[in-house]
Amino acid sequence: MEKSIDINTNKNNNNDSITKSFIEYWDNVINIWLGQPVQDAIDVKRPLDSKKESYYKENFFVKIETEQKPFFNNHSLNKLLCPAHLPEPYWGDPDNCSIVVVDYNPAGGIDMNPHTYKGTLGGNQFPPNTIIDFVKNNSYSELAKEFPIWKENLKNGMEWLSSYGGRKWWLQKKEWIKHLVEHLVGEDIDVEKIPPFAVELCGWHSPNWPDNTNAFENDLKDTIKTHFAQPLLAAIENSKSELAVCIGAQFKPSILSAFLDGFNDITNDVFKLLSYKDISYPDNPKNKNQDSSISICVEINNNNNNNNNNNNIKRYYRIYNIVNKNVNHIILNTFAPGGNHHPSKNFEDFENDLLEAIKKI
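Every chain's residues receive numbers from 1 upward, in the order its sequence appears when written. Totals for whole chains, interfaces and linings use all residues, but because this is a predicted model, local features are given only for residues with pLDDT of at least 70 and pairs of side-chain atoms are given and counted only at 80 or more. Hydrogens are left out, water is left out, and the side-chain values use all remaining heavy atoms of the structure.

**Some points on the overall build of the protein chain**
A tally of helices and strands in the protein chain yields 11 helices and 8 strands. In the protein chain, which comprises 361 residues, the share counted as buried stands at 51%. The contact criterion used throughout is that any non-hydrogen atoms of two residues lie within 4.5 Å. Contacts spanning at least 24 positions in sequence make up 75% of the contacts within the protein chain whose residues lie at least 6 apart. Accessible surface is estimated by sampling points in the Shrake-Rupley manner with a 1.4 Å probe; for residues, cover comes only from the protein chains shown. Taken as a whole, the protein chain presents about 18100 Å² of accessible surface, with 43% of it coming from carbon and sulfur. The way it works is that DSSP assigns letters per residue, a run of H or I at least four long becomes a helix, a run of E at least two long becomes a strand, and they are numbered from the N terminus. Partly exposed residues are those whose accessible area sits between 20% and 50% of the maximum for their type, while under 20% is buried and over 50% is exposed, using a 1.4 Å probe and protein chains only.

So this is what it looks like as structure tokens:
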């Protein structure tokens, strides 16, 4: 009798290997970072001039370039990365998450956040009760797994995280993420207990990282595939929602396709299935070389203003959808022109319609 093969078991074993390798890789990178000498301490209370990002490069000796040299050796990016800050490559558990959230890179390079900055006042001393102090005594993966900055209430002994700037940013995303997860999975899932898995395209802090497609397509391509793309795909399969969401023009289809093999841009296919009233949809792009997109305008009534000409406030929302039909990986990207803010509640009805259309592809 021919032995049957459990395809799901094989898939899970492969994902386990990928996520284990991903976690071990970044624990090793961060351990190397923790051991680096600080050549010149900076007062964390003094903001860094945004025009002097290269200051980091000139004043800090960073052996970590051996591990992450494609990023630091890329001329377009190296002056914008902040090796003086603890890397934050991910938050959450890639093996058990409600949804996957993809970001460009951790911000915070300009404000010298004391929770991620190493050389405060005493040079090599770590600030007390900070992310750095915890990671030094434990590991980054131990801190990140439970996604503590996502939780409404911090555990006893971790109250110091309440002053971490990234916590506020994540708490602002909670209602939007909760809405997406509940629509896809059902209201019985609690995103407080099963947080997202959030992964950064570049795990290094930066005040501003440019939209540089050439950097992805050339010397960064293999590094991103190994240390970002493969773990991302494994996390999507492991997530309850089987969905990844991104915010920002940096994740438009033409860039994602540089390191996500086999993905098809299905935005126009989704567009044809939408029939949401009171929202206008544009024609398909006339230029075939442009990224296919769905642009939507929601009119929000301002009841406090009696002037009919100013009664409506228009907000614009662009969405990019990519799906690999073979394994049903779905990535949904959205952003508003001029910013990388998450959608407000005014877009919830449209997003429900959008998610239903994506399911039908």
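**Let's talk about the environment of tryptophan 160**
With respect to the helices and strands, tryptophan 160 occurs in the loop between helix H5 (140-145) and helix H6 (165-185). The buried category is assigned to tryptophan 160, whose relative accessible area is 15%. Counting along the chain gives 30 residues from tryptophan 160 to threonine 130, while the straight-line C-alpha distance between them is 6.7 Å. Apart from residues no more than four positions distant in its own chain, tryptophan 160 is found in contact with His115, Asn129, Thr130, Ile131 and Phe134. There is a polar contact of 3.1 Å between the side chain of tryptophan 160 and the backbone oxygen of glycine 157. In protein, a polar contact means a hydrogen-donor-capable atom and an acceptor-capable atom, both N or O and within 3.5 Å, with residues adjacent in sequence counting only if both atoms are side-chain atoms; elsewhere, any N or O pair within 3.5 Å suffices.

**Examining the side chain of histidine 329**
Checked against the element boundaries, histidine 329 lands in strand S8 (residues 329-335). Reaching out from histidine 329, the side chain makes a polar contact with the backbone oxygen of leucine 233 at a distance of 3.2 Å. Here glutamate 237 takes part through its side chain, which lies 3.0 Å from a polar atom of the side chain of histidine 329.

**Re the pairing of strand S2 (residues 100-103)**
Neither face of S2 is exposed, since Val100 and Val102 on one face and Val101 and Asp103 on the opposite face are all buried. Bridge count between S2 and strand S3 (residues 197-200): 4 bridges; the pairing is parallel. What sits directly across from valine 100, in S3, is phenylalanine 197. We treat two strands as partners when DSSP finds at least two bridges between them.

**Focus: the nonpolar core**
Within the largest apolar cluster, 87 residues are counted, with the highest numbers of intra-cluster contacts made by Val100 and Phe259. Broken down by element, this core gets its largest block of residues, 7 residues, from helix H1 (residues 7-34). Filtering out sequence-adjacent residues up to four positions away, valine 100 remains in contact with Phe197, Val199, Leu232, Ala235, Ile236, Ser239, Leu243, Ala244 and Val245. In this description, a nonpolar core means a group of buried Ala, Val, Leu, Ile, Met, Phe, Trp, Tyr and Cys residues linked to one another through side-chain atoms lying within 4.5 Å.

**Focus on unusual backbone geometry**
Its identity as a non-glycine residue notwithstanding, phenylalanine 147 has a phi of 55°, on the positive side. Here phenylalanine 147 shows up in the loop between H5 and H6. The backbone of glutamate 242 sits at a positive phi, close to 50°, despite the residue not being glycine. Take glutamate 242: it is sitting in the loop between helix H8 (221-238) and strand S4 (244-247). On the accessibility criterion, glutamate 242 (40% relative accessible area) is partly exposed.

**Observations regarding the packing of aromatic side chains**
In summary, the pairing rule links any two rings of Phe, Tyr or Trp, Trp by its six-membered ring, whose centres are within 6.5 Å, and it sorts them by plane angle into stacked for under 30 degrees, edge-to-face for over 60 and tilted for everything else. Under the definition given, this model contains 15 aromatic pairs. Between phenylalanine 22 and phenylalanine 197 the ring centres are 6.2 Å apart and the planes differ by 80°, which places this aromatic pair in the edge-to-face class. One end of the pair, phenylalanine 22, is in helix H1; the other, phenylalanine 197, is in strand S3, with 175 residues separating them in the sequence. The exposure class of phenylalanine 22 is buried, given its relative accessible area of 3%.

**With respect to the pattern of salt bridges**
Pairing between side chains of opposite charge can happen when their charged atoms approach one another. In the sections that follow, a salt bridge refers to a side-chain nitrogen of Lys or Arg positioned within 4 Å of a carboxyl oxygen of Asp or Glu. Taken as a whole and assessed by the stated rule, the structure comprises 6 salt bridges. Here glutamate 146 and lysine 155 are joined by a salt bridge, their closest N and O atoms 2.6 Å apart. Taking relative accessible area as the criterion, glutamate 146 reaches 41% and is therefore assigned partly exposed. With a closest N to O distance of 3.3 Å, glutamate 356 and lysine 359 form a salt bridge. Pair noted here: glutamate 356 and lysine 359 are both in helix H11 (residues 348-360), with a separation of 3 residues, about one helical turn. We classify glutamate 356 as partly exposed; its relative accessible area is 31%.

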